[in-house]
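Structural overview
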Amino acid sequence: MKTTEVNIRDPFVLVYNHKYYLYGTRSATCWGKADGFDCYVSEDMDNWQSPIEIFHRPEGFFADQNYWAPECYSYHGSFYLVTTLGAEDRKKGVYILKADQPTGPFVPYSEQITPKEWASIDGTLYFEGEVPYLIFSHSFWSPVNKIDNLNRDFFGRIVE
């Protein structure tokens, strides 16, 4: 499939082993019930394989909406998907999923890593040496953006 045929929002490209891995919000489920993420693989960023489902909502998993803005990072031999997830009974937040390959399957790895009292979206990582930092937005309605120092295993923020 051609790049113009890929129907996603919030695109993110990981370059790994001379291939391009494209992740994004599924356009069809952006504003309603959602249950997963896909990845498209290319060798030239013009021709893509059909989408590969890299995460599907497990039975009993809390999040059933707001599967937004997935970004994939290779870090210490694993792949981490930093993404927004939401549900009717809680505010949107940033979570991390983990896999052994960039095409998954990804599994839940962290609890919410943004403040639970905030509706937080669009997490991205910045690395300074071996120290990961989470940068995210305090939702649509607030101009506040936040940068937090993460533990090296991504399980939580370092509070100073």
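Look up: the structure comes first, before these words.
No experiment lies behind these values; they were computed from the predicted model shown. (Residues numbered from 1 in each chain as written. Predicted model: local features only at pLDDT ≥ 70, side-chain atom pairs only at ≥ 80, totals over all residues. Heavy atoms only, no water.)

1. Topic: the overall build of the protein
Stated precisely, the cut-off is as follows: Every helix listed is a DSSP run of H or I at least four residues long, and every strand listed is a run of E at least two residues long, numbered separately from the N terminus. Working definition: with a 1.4 Å probe on protein chains only, accessible area under 20% of the residue-type maximum means buried, over 50% means exposed, and in between means partly exposed. Working rule for contacts: check all heavy atoms of both residues, and any pair within 4.5 Å makes them a contact. Per-residue and other accessible areas were derived by the Shrake-Rupley procedure at a 1.4 Å probe size, with only the shown protein chains allowed to occlude residues.
Secondary structure assignment for the protein yields 0 helices and 11 strands. Counting helices and strands in the order they occur from the N terminus, the protein gives β-β-β-β-β-β-β-β-β-β-β. In the protein, which comprises 160 residues, the share counted as buried stands at 48%. Considering only intrachain contacts with a sequence separation of at least 6, the fraction spanning at least 24 residues in the protein is 40%. Accessible surface for the protein amounts to roughly 8500 Å². Of this, 50% is attributable to carbon and sulfur atoms.

2. Focus on the nonpolar core
Our working definition: Joining through side-chain atoms within 4.5 Å is the link that ties buried Ala, Val, Leu, Ile, Met, Phe, Trp, Tyr and Cys residues into a set, and such a set is a nonpolar core.
Among the nonpolar cores identified, the biggest contains 33 residues, and Tyr23, Phe37, Tyr67, Leu81, Phe106 and Leu134 are the most heavily contacted of them. At the level of elements, β1 (8–16), β2 (19–26), β3 (36–42), β4 (52–56), β5 (65–75), β6 (78–87), β7 (90–99) and β10 (131–137) are the ones that each hand at least two residues to this core. With 5 residues, the next largest nonpolar core counts Val6, Ile8, Tyr40 and Trp48 among its residues.

3. Points about the sheet that holds β5
What counts is decided by this rule: We treat two strands as partners when DSSP finds at least two bridges between them.
Pairing within the open sheet is antiparallel, and its 4 strands lie in the order β5-β6-β7-β8. Every other strand in the sheet has two partners, leaving β5 and β8 (107–108) as the edge strands with one partner each. Note: β7 against β8, 2 bridges, orientation antiparallel. Along β8, the bridge assignment pairs Lys98 with Val107.

4. Structural notes on the sheet that holds β2
Adjacent strands of a sheet pair through backbone hydrogen bonds, lying either parallel or antiparallel. Quick reminder of the rule: Each axis is a line fitted through C-alpha atoms, taken for helices only over the stretch in contact, and angles between the N-to-C directions span 0 to 180 degrees.
Read from one edge to the other, the open sheet built from 4 strands follows the order β1-β2-β3-β4, with strand pairing classed as antiparallel. What marks the edges here is a single partner per strand, and that holds for β1 and β4. Direction aside, the axes of adjacent strands within the sheet are offset by 25° on average. The pairing of β2 with β3 spans 5 bridges and is antiparallel. Looking at the pairing, Tyr20 lines up with Ser42 of β3.

5. A few points about the pairing of β2
A large share of β2 lies buried, amounting to 6 of its 8 residues. Note that β1 and β2 share 7 bridges and pair antiparallel. Following the sheet pairing, Val13 is matched in β2 by Leu22.

6. A look at the environment of Ser120
With respect to the element layout, Ser120 can be found in the loop between β8 and β9 (121–128). Exposure remark for Ser120: the relative accessible area of 0% places this residue in the buried category. Linking Ser120 and Lys91, residues 29 residues apart in sequence, is a C-alpha distance of 7.7 Å.

The values are spatial; any link to function lies outside them.
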